Structures are given as C-alpha cells and as structure tokens.
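The primary structure of each chain is shown beneath.
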Amino acid sequence: MKRIYLDHAATTPIHPSVKEVMRDVMEDSFGNPSSIHHFGRESRKRLDEARMTMANSINANYESIIFTSGGTEANNLAIFGTAYANRNKGNHIITTNIEHHAVLHPVEQLEKEGFDVTYLPVDEKGMVDIMDVKKALRKDTILVTIMYVNNETGMKQPVQMIGNLLRSRGIPFHTDAVQAYGVEEIDVEELKIDLLTTSSHKIYGPKGVGFLYKREGLNLTQRLYGGEQERTWRSGTENTLAIEGFKKAVEVLKEERTKRYDHYKQLSERLIQALDEKNVEYHINGDLSTEHRVPNILNLSFPGMDVEIFLTNLDLSGVAVSSGSACTAGSIDPSHVLKAMYGEDSPRLRNSIRFSFGMDNTVEEMTLVAERIEKIVNRLSSNV
Ligand SMILES: Cc1ncc(COP(=O)(O)O)c(C=O)c1O
C-alpha cells in the first residue's frame, strides 16, 4: 500500500539538503558560540551567518532576530514579554478566537494575572474584520496578536491593514507567521509588523528551532535568565546544529517558494476536482480563492462522517491527514477554529479534515486519495 502524507501543516520531513548540512555540522563544528577560542569563534561565525539569512528572509535587521526553540517559545516570548514590559502603560490585549494554542494559552494565562483580553470573532470564511480590530482598540491596549495564516483552514488574515492601523496608533503588533513563512513573501517593514514568529519544522527544517523577529527599539521583558545569549532576550546555549539546518531550509525555500506555491495550488485543485468526479459530498471550511488563503492547506467537511472514525479509516488506507491542530497532544477536541466560524452546534466541528500538502506529493496521489475517501465514505455511510 502506498502511504500518502498530507499533514505538512503538522510537520514537514527534513529536506535532503538540510540533512546534508546538519551531518556536516555534526562532524565539523561543535564549539560554543560564547567561547572566545577558535572553536567558539567558528561556531559564532556560523551563527551570525544564520541570523543574517533569517533577517534577509523577512527584510529585517540582523539585530532583530532572536533564535528560540520554535514557534511556541517565540509566541510566549512575544506575548508575555510585551505584556510585562508595558504593564505601566495599560493592560488590554487583543487577539482572535482562531489563534493557535501557543497564542491562546499565553493570553489566557495573562487574563488570570489581571490583563484584560478581547477575543475578536471571525466570519464564516475564518477571517478577522479590520473594523473589529479598530473598534476593539482602547487607550490602554498594549498588544495586538493576530495570526498571519490559520493552521487549520489556511485562511490569511489582513495583516497589512492591521499593521498600518496599529503603527499609526503606536501599538505593538505581533503575528504568528508559523504557517505563513513557508509560502508567503514576508516583508516586516512593508507589513509594519513589530513581532513575528516562525518555526523551522514547518518549512522542511529540523524540529525545536524557530525565531522571533523583534523590531529594534521595541520593549520586551525576557522570559529566561541565564547566560544572556541572544542579547539577553533568550538565555541558553544556542542550538547551533538545528539553527544551521533551519538556515539551509530557509535558503532552499527562497529558491523554491514560487515553484512550491504553484505545486500546492495544483495539488489542492486536483484533490477538489477528483472528489467532484467521484461525487463525494463535501463543504469547504474557509474560502477556495487563493487571494485569501494559502494553497497548501485545505479543510473539508464531509457530511455524515465522524472525524475520529474517518481519520482512523484514512490512516488504515494509508492516508495521513489530521482533524486540525495536531498540537493538542494527539487528542481530537472539537476545533475552536471551526467553532468560531460556524458556531458550537455545527456538525462541521465533528466531520472536518485538514489536508496539508507538501512538495513531495504528486497530482496522481490526489486521485488516489479521492478514491480512498470515496470508498470510506460509501462504506461508513452504508453502516449508518
Ligand atoms: C500557527 C502555529 N503557531 C505555532 C505553532 C507551534 O510551533 P512549534 O511546533 O514550533 O512550537 C504551530 C504548530 O503547529 C502553528 O501551526
């Protein structure tokens, strides 16, 4: 049986060029970048180069990149760091109902600590309205954190408009760009973003590394105390091996972004077409137009299906997909994102599947996946 991996929004395999670089680094370079001898200086040089690559990838300054252990840590640093640093100015934070838990749980914690949090709604397509952001702003608003691309639906949020609005009011804007970084051209200057989160394992790099972009001059309280690495923003010996792998993944991404984008679009269109050919009933959660979504994530609702049974059957048939956020420790809780879009009574919360494509997937695989879905849907429907 041919196994087909369609869960790239959960994590991507490591790119062959990234593996090669990491193997070499393991052989040749082990120094601590903080050591002043030859071995340390060698590692420092490599770390500096990686920082430069990250900065260039989003049109940022070298000094504005803080390496972290991934998206979760970068989000936590941005959110707690900004909230604590600006406590004397106010205690109001704005976010949305559709953020990843790596944003929602930190703001919920801040709420317990006395901060006031506004959770913005989204429409049926899963998009935040800029007018809602405007209306929610208050004199004591000290942070707005709104994701760039939603990890369950692939829907893009109006970051440019939000950036313009907030810069004109002098309010820090953080965006979780974990699902955007591998597909969108990001320019933090143009978008007027103050804090931006990325993660390596969503772009064919190793797990356990990412970075937070922090605009120069922006106030942030550190979360980790220790050796004062990353100019005190993030203490702890840098994960040089993973950072080198991440650097290579970013270099490959730069070369291949357009090609990948077109490929994902083709895959997503073919899957839809093949399901139509087989007369499988489905609804799109979100919007099909690529203007508002990234083409590598497709969230479909299959009326009459039960997500857990459906996922198990798909896995048994060799198709690896997910029900949405895989980061909830393997549990299938009804999606908070779909709840925000369709209300808690919607059957979509219990019958939706996220397909997320990768560069190794083929158009032929999409036909196979549709065939397998058709069989499962027919079998499960006749069991009812
Ligand atoms: C939108 C989003 N933010 C944050 C994260 C967490 O990133 P990491 O796994 O690097 O901690 C994820 C992972 O799924 C994500 O999709």
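Residues numbered from 1 in each chain as written. Predicted model: local features only at pLDDT ≥ 70, side-chain atom pairs only at ≥ 80, totals over all residues. Heavy atoms only, no water.

The name given to the protein chain in an unreviewed UniProt entry is cysteine desulfurase, with the source organism recorded as Piscibacillus halophilus. Taken verbatim from the UniProt record of the protein chain, the Catalytic activity (unreviewed entry) comment is "(sulfur carrier)-H + L-cysteine = (sulfur carrier)-SH + L-alanine". In its Sequence similarities (unreviewed entry) section, the UniProt record describing the protein chain reads: "Belongs to the class-V pyridoxal-phosphate-dependent aminotransferase family. NifS/IscS subfamily." (UniProt positions renumbered as here; feature names shortened; annotations may be inferred.)

*Asks:* What exactly am I supposed to notice about the packing of helix H3 (residues 71-85) against helix H4 (residues 101-112) here?
*Replies:* Pairs of packed helices are described in terms of their axes, by the angle between the two and the distance that separates them. At their nearest, the axes of H3 and H4 sit 9 Å apart, and the two run at 30° to each other. The pairing of H3 with H4 is recorded here as roughly parallel in orientation. Handedness of the H3/H4 crossing: right-handed. Packed against H3, whose contacting residues are Thr72, Asn75, Asn76, Ile79, Phe80, Ala83 and Tyr84, the element H4 presents Ala102, Val103, Pro106, Val107, Gln109 and Leu110 at the interface. Of the residues in the contact of H3 with H4, the class split is 9 nonpolar, 4 polar and no charged. (Axes fitted to C-alpha atoms, helices over the stretch in contact; angles between N-to-C directions. Helix = DSSP H or I, 4+ residues; strand = E, 2+ residues; numbered from the N terminus. Parallel < 35°, antiparallel > 145°, perpendicular 65-115°, else oblique. Left-handed = near helix turned anticlockwise from the far one by under 90°. Contact = heavy atoms within 4.5 Å. Nonpolar A, V, L, I, M, F, W, Y, C, P; charged D, E, K, R; others polar.)

*Asks:* I tried to follow the sheet that holds strand E8 (residues 210-214) on my own but got confused; where do I start?
*Replies:* Pairing between sheet strands relies on hydrogen bonds along the backbone, with the strands arranged either parallel or antiparallel. Spatial strand order, E2-E8-E7-E6-E5-E3-E4: 7 strands in an open sheet with mixed pairing. Single-partner strands in this sheet number two, and they are strand E2 (65-68) and strand E4 (116-120). Recorded for the sheet is a direction-independent mean angle of 20° between the axes of neighbouring strands. Taken together, the 5 bridges between strand E3 (residues 92-96) and E4 define a ladder with parallel strand orientation. Bridged to Ile94 within E4 is Thr118. (Pairing = 2+ DSSP bridges.)

*Asks:* Is there a simple way to think about the pattern of salt bridges in this case?
*Replies:* Two side chains carrying opposite charge are able to pair once their charged atoms lie near each other. Following the criterion strictly, the structure yields 23 salt bridges and no others. Two residues, Arg234 and Glu73, come together in a salt bridge whose shortest N-O distance is 2.7 Å. Separated by 161 residues along the polypeptide, Arg234 in the loop between E8 and helix H8 (240-277) and Glu73 in helix H3 bring together distant segments of the chain. Close ionic contact of Asp194 with Arg167 constitutes a salt bridge, the shortest N to O distance being 3.0 Å. Taken together, the residues Asp194 in the loop between helix H7 (188-191) and strand E7 (195-199) and Arg167 in helix H6 (residues 159-169) connect sequence positions 27 residues apart. Accessibility expressed as a relative area gives 28% for Arg167, which makes it partly exposed. (Salt bridge = Lys/Arg side-chain N within 4 Å of Asp/Glu carboxyl O. Buried < 20%, exposed > 50% of the residue type's maximum accessible area, 1.4 Å probe, protein only.)

*Asks:* Looking at this model, I keep getting lost on the pairing of strand E5 (residues 141-145). Mind explaining?
*Replies:* The side chains of a regular strand alternate, first on one face of the sheet and then on the other. Along E5, 5 of the 5 residues are buried, which leaves the element largely enclosed by surrounding structure. Where E3 meets E5, 3 bridges bridge the pair, whose relative direction is parallel. The residue of E5 that forms the bridge with His92 is Thr141. Inspection of the sheet shows E5 paired to strand E6 (residues 173-176) by 2 bridges, in the parallel sense. Among the inter-strand pairings, Thr145 is bridged to a residue of E6, identified as His174.

*Asks:* Explain H8 here, please?
*Replies:* Given 3.6 residues to a turn, an α-helix orients residues that are three or four positions apart in the same direction. At Glu256, H8 shows its largest bend, some 65°. One or two steps after H8, the chain reaches Asn279, where phi turns positive at roughly 55°. (Bend = angle between axes of the 7 residues up to and from the residue.)

*Asks:* When you look at the domain arrangement of the protein chain in this model, what are you seeing that I'm missing?
*Replies:* Accessible area lost upon the coming together of the parts serves often as the stated size of an interface. According to the domain assignment, the protein chain consists of domain 1 (4-12 + 256-383) and domain 2 (16-251). Relative to domain 2, the C-alpha centre of domain 1 lies at a distance of 28 Å. Taken together, the contact between domain 1 and domain 2 spans 34 residues of the former and 32 residues of the latter. On the domain 1 side of the interface with domain 2, the three residues burying the most area are Thr12, Arg257 and His336, jointly 22% of the side's total. Summed over the shared surface of domain 1 and domain 2, the number is 2 salt bridges. Glu185 is the partner of Arg257 in a salt bridge, and the nearest nitrogen-oxygen pair spans 3.6 Å. Inspection of the region where domain 1 meets domain 2 yields 16 residue pairs in polar contact (both at pLDDT 80 or more). (Domains from an automatic or database assignment. Buried area = accessible area lost by both parts, 1.4 Å probe. Polar contact = N/O pair within 3.5 Å; in protein donor to acceptor, adjacent residues only side chain to side chain.)

*Asks:* It is not clear to me how the packing of aromatic side chains should be interpreted in this structure. Could you clarify?
*Replies:* The geometry of an aromatic ring pair is captured by the separation of the ring centres together with the interplanar angle, meaning the angle of the planes. A complete count under the given rule lists 8 aromatic pairs for this structure. Where Tyr181 meets Phe246, the ring centres are 6.5 Å apart and the plane angle is 75°; that geometry is what we call edge-to-face. You can see Tyr181 sitting in the loop between E6 and H7 and its partner Phe246 sitting in helix H8, a full 65 residues away along the chain. The class for Phe246 is buried, based on a relative accessible area of 0%. Taken together, a centroid distance of 5.1 Å and an interplanar angle of 80° make the contact between Phe302 and Phe310 edge-to-face. Overall, the relative accessible area of 1% leaves Phe310 in the buried class. Grouped by ring-pair contacts, the aromatic residues Phe80, Tyr84 and Phe115 constitute a single cluster. Stacked on the ring of Phe80, the Lys or Arg Arg223 has its end atom at 4.2 Å from the ring centre. In this structure, Arg348 is placed above the aromatic ring of Tyr342, and the distance from its NZ or CZ to the ring centre is 4.3 Å. (Phe/Tyr/Trp six-rings, centres within 6.5 Å; stacked < 30°, edge-to-face > 60°. Lys NZ or Arg CZ within 6 Å of the ring centre and 35° of its normal.)

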